[in-house]
Structure formats: structure tokens, C-alpha cells
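# Inside the fold
Letter by letter, the chains look like this.
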Amino acid sequence: SVMRIIRKALIWSLAALLVALVAGAIYQAIATEIDQRAAFPAPGEMVDVGEHRLHLNCLGQGSPTVVLDAGWGYTSVEWSGWVQPEVAEHTRVCAYDRAGMGWSEPEPGPPNATQTADELHALLQEADEEGPYVLVGHSLAGLYSRIYAERYPEEVAGMVLVDSSHPDQFEGSGAVLTINRVIGVLGPLIARTGIPRVFNLYPSNPELPPLQREQGNSLYYTTPHQVAVFEEMGTIPETMEKARGRGTIGEKPLMVVSSADHDAQTGALQEELTALSSNSTQRVVEGSTHLSLIVDRGHAGQTSEEIVEVVEAVRSG
């Protein structure tokens with residue numbers, strides 16, 4: 001009968017899907033192993049912060065120390081292309097990878113923003129990187145910078161928010177926050193099946209120098225990195241909530257660097273970030289996009305200039 005044919009077709013389809021998923025999982029596990037064996041050695045040091053080690057890469061000399069924190073899905077790799085070497089000509093500058101991402105080892109439990117800030121604090125202390133710090137947060141990491149400054153105000157001398165997320169940017173879009181939470185649960189399972197690798201969901205950034213492109217290609221499809229990135233997406237609603245309740249940084253210098261591709265609503269939110277300090281400036285980088293502020297040589301050069309400007313403001317008091 002027709003029903004029997006449909007039932008058979010469904011069973012065969014499910015069996016084929018199961019075989020594909022198992023094959024994908026085996027492929028992902030083997031490919032991750034190959035990537036990790038052939039992987040570029042960590043350019044910085046691996047520092048024990050308790051139950052796992054985080055990667056910290058520092059260049060240059062001088063005070064205040066600039067601390068670079070990457071946006072969602074990215075790591076110290078993007079910073080090390082253009083921004084970090086340029087800022088290192090003026091002061092000490094450190095880029096790091098959050099737990100599970102890039103070269104950093106995964107943390108034992110689920111991630112949360114307060115813990116992320118505390119781990120960065122432990123990392124800088126354990127590595128003997130002396131404060132005060134100028135915190136630089138791109139995208140999602142802008143929220144982490146704010147949470148860090150609230151928890152350790154005496155260590156933070158200034159801040160640069162590079163096209164930072166705003167706690168209210170999804171206001172009225174409950175669906176976006178729900179999708180974040182769902183992806184936080186399903187994403188790690190999807191990552192283990194090799195789907196992101198097969199469909200090349202992480203295109204490399206051709207604007208970066210060759211070394212950084214190759215580092216990203218070898219790191220970003222490994223299972224630990226993928227799992228950490230998806231898990232972090234699941235925490236974005238809570239991270240926004242935690243950042244929303246934070247106060248200002250007083251009179252400490254703040255630079256808000258914004259891309260040129262905002263609509264009126266998100267542009268207004270970028271402008272609103274300047275209210276976090278009574279000593280703040282906003283710079284919109286002409287022709288830039290959210291990511292080009294870090295990976296495009298020209299736009300990244302302007303981001304570096306603004307970071308150095310905050311360093312100079314801290315030095316001159």
C-alpha cells in the first residue's frame with residue numbers, strides 16, 4: 001500500500017541521515033586531530049587559570065598595557081594581523097583567547113560572562129602582566145570589557161569599544177535571543193557532526209596577512225573551538241543582561257570606534273555608548289564594516305590609532 005511505501009521511505013531516509021551524521025562525526029574527529037597535529041604552535045604562552053590553561057600573546061613594552069578581546073567567533077589571531085603589531089610600537093599589548101577558543105583549553109563547566117571576566121583577571125595576574133589596563137573589546141567582547149571594568153575598576157585606566165555590542169540591541173526582538181539560546185544547545189551537537197566544516201561556514205579573511213589566514217583555517221574548524229563558539233552564543237542574552245546593569249567608568253578615557261554600516265537604530269546605540277564615560281569620543285571609520293575594523297589593513301590602522309590615543313590620554317592624565 002501507499003502508506004507502507006511512505007513508511008519504508010521514511011525509515012530509509014532516517015537511516016541514511018543517521019549514517020551521514022555518523023560519517024560526519026568521524027570525519028570531524030579525524031579532521032580535528034589532523035588540524036591539531038599540524039596546527040601552528042601557540043604564538044604566546046599558555047597560562048594556568050585553575051582547571052584549564054588560556055592562551056595569552058603579548059608584544060611591546062610600556063604602560064598602560066592594552067588588552068585585546070575578540071568578538072564572537074574570533075580570537076587573538078585577527079588582532080595579531082594588523083592592530084597588535086601597530087599598537088606594540090607604542091606600549092605593551094596583549095591579545096588572548098577565551099576558554100575553548102583558538103589555542104585556549106576548554107573550561108570545565110558552561111561559560112558565563114562573569115566567569116569570563118574573572119578568568120581574564122586571573123590570566124593577567126598569573127602571567128605577571130601589570131596594570132593598569134586599557135581594555136579593547138570588539139563586538140560581543142565590548143560587553144565583557146564593561147563587566148570587567150565593573151568588577152575590577154582599580155585595574156582599568158581606559159577603554160576602547162570597537163563596534164561593540166549594546167545591551168539593548170535586540171530589544172523587542174525576543175526571537176533573536178531565543179535563537180541564540182537554541183543555537184547554544186544545538187550548535188555543539190552540530191559542530192561534532194562536521195557540518196560547519198563541510199559547508200565552510202567560517203570563511204577566512206583574505207585581508208589578513210597569510211600567517212593569520214592559515215592560523216584561522218587550522219584552528220576554527222576544530223571541535224573544541226566550534227563547541228566553545230556555539231556555547232558562547234547561547235550565553236549572549238545573559239551577557240547582555242549582565243552588562244545592562246553596569247555603571248559608567250567615570251572620567252576614564254573612552255573611545256567608541258564604530259563601523260560605517262549601521263542603520264539609524266544601531267547607529268544611535270553606538271552613540272549612546274559614549275555615555276559610559278564623561279571623557280569619551282566616538283569615531284565612525286568611513287567605508288568600514290563590523291569586521292573590517294580589525295581585519296582590513298587600512299581600517300584596522302585607524303582602530304590602532306584610536307587605541308594609541310586612549311593610551312596617550314591615560315599617560316597624560
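Scroll up to find the structure.
A brief structural summary. (Residues numbered from 1 in each chain as written. Predicted model: local features only at pLDDT ≥ 70, side-chain atom pairs only at ≥ 80, totals over all residues. Heavy atoms only, no water.)

### What about the overall build of the chain?
Within the chain, the secondary structure is distributed over 12 helices and 8 strands. The buried share of the chain, reckoned over its 317 residues, is 50%. Considering only contacts in the chain between residues 6 or more positions apart, those separated by 24 or more positions represent 79%. (Helix = DSSP H or I, 4+ residues; strand = E, 2+ residues; numbered from the N terminus. Buried < 20%, exposed > 50% of the residue type's maximum accessible area, 1.4 Å probe, protein only. Contact = heavy atoms within 4.5 Å.)

### Quick notes on a nonpolar patch on the surface
A surface patch of nonpolar side chains, about 840 Å² in accessible area, is lined by Val 182, Val 185, Leu 186, Leu 189, Ile 190, Ile 195, Val 198, Phe 199 and Leu 201. Elements supplying a minimum of two residues to the nonpolar patch: helix 6 (174-192) and helix 7 (195-198). Take the nonpolar patch: its biggest share by element is 5 residues, from helix 6. By the secondary structure assignment, Phe 199 is in the loop between helix 7 and helix 8 (210-219). (Patch = residues over 30% accessible without salt bridge, like charges linked within 9 Å, V, L, I, M, F, W, Y side chains within 5 Å. Areas by Shrake-Rupley, 256 points an atom, 1.4 Å probe, with all protein chains shown as cover. Salt bridge = Lys/Arg side-chain N within 4 Å of Asp/Glu carboxyl O.)

### What about the sheet that holds strand 3 (residues 65-69)?
Strand order across the open sheet formed by 8 strands is 1-2-4-3-5-6-7-8, with mixed pairing between neighbours. Strands with a single pairing partner mark the edges of an open sheet, and in this sheet they are strand 1 (45-48) and strand 8 (280-285). Mean inter-strand twist for the sheet, computed between neighbouring axes without regard to direction, equals 25°. In this structure, strand 1 lies alongside strand 2 (residues 53-59), joined through 4 bridges in antiparallel fashion. Along strand 2, the bridge assignment pairs Asp 48 with Arg 53. Lying over the sheet, helix 5 (residues 141-151) contacts strand 3, strand 5 (133-138) and strand 6 (156-162), oriented at roughly 150° with respect to strand 5. (Pairing = 2+ DSSP bridges. Axes fitted to C-alpha atoms, helices over the stretch in contact; angles between N-to-C directions.)

### Points about the pairing of strand 6
Taking burial as the measure, the 7 residues of strand 6 include 7 buried ones, the bulk of the element. Two strands pair when backbone bridges link them, and strand 5 and strand 6 are joined in this way by 6 bridges, in the parallel orientation. Within strand 6, the residue paired with Val 136 across the bridge is Val 160. At this point the chain moves from strand 5, through helix 5, to the parallel strand 6, and the crossover so formed is right-handed. Across 4 bridges, strand 6 lies against strand 7 (residues 254-259) in parallel orientation. Bridge pairing in strand 7 links Val 160 to Met 255. (Right-handed = clockwise from strand over helix to strand, strands pointing away.)

### Structural notes on the packing of aromatic side chains
In this structure the tally under the stated criterion is 2 aromatic pairs. Relative to Tyr 220, the ring of Tyr 74 has its centre 6.3 Å away and its plane inclined at 75°; by these criteria the two rings are edge-to-face. Here Tyr 74, found in the loop between strand 3 and helix 2 (76-79), pairs with Tyr 220, found in the loop between helix 8 and helix 9 (223-244); they are 146 residues apart in sequence, far enough to count as distant. Under the relative-accessibility criterion, Tyr 220 is labelled buried at 4%. Look at Tyr 148 and Tyr 152: their rings are 5.0 Å apart centre to centre, the planes differ by 50°, and that puts the pair in the tilted class. Note on accessibility: Tyr 148 and Tyr 152 belong to one class, buried. (Phe/Tyr/Trp six-rings, centres within 6.5 Å; stacked < 30°, edge-to-face > 60°.)

### Some thoughts on the nonpolar core
The biggest cluster of nonpolar side chains holds 37 residues, and the ones touching the most others in it are Leu 56, Leu 120, Leu 123, Leu 135, Tyr 148, Met 159 and Leu 254. For this core, the element with the most residues is helix 5, which contributes 6 residues. Each residue touching Met 159, except ones within four places of it in the same chain, is listed here: Val 134, Leu 135, Ser 145, Arg 146, Ala 149, Ile 249, Pro 253, Leu 254, Met 255 and Val 310. Within the second largest apolar cluster, 29 residues are counted, among which are Leu 68, Ala 95, Val 160 and Leu 208. (Core = buried A, V, L, I, M, F, W, Y, C linked by side-chain atoms within 4.5 Å.)

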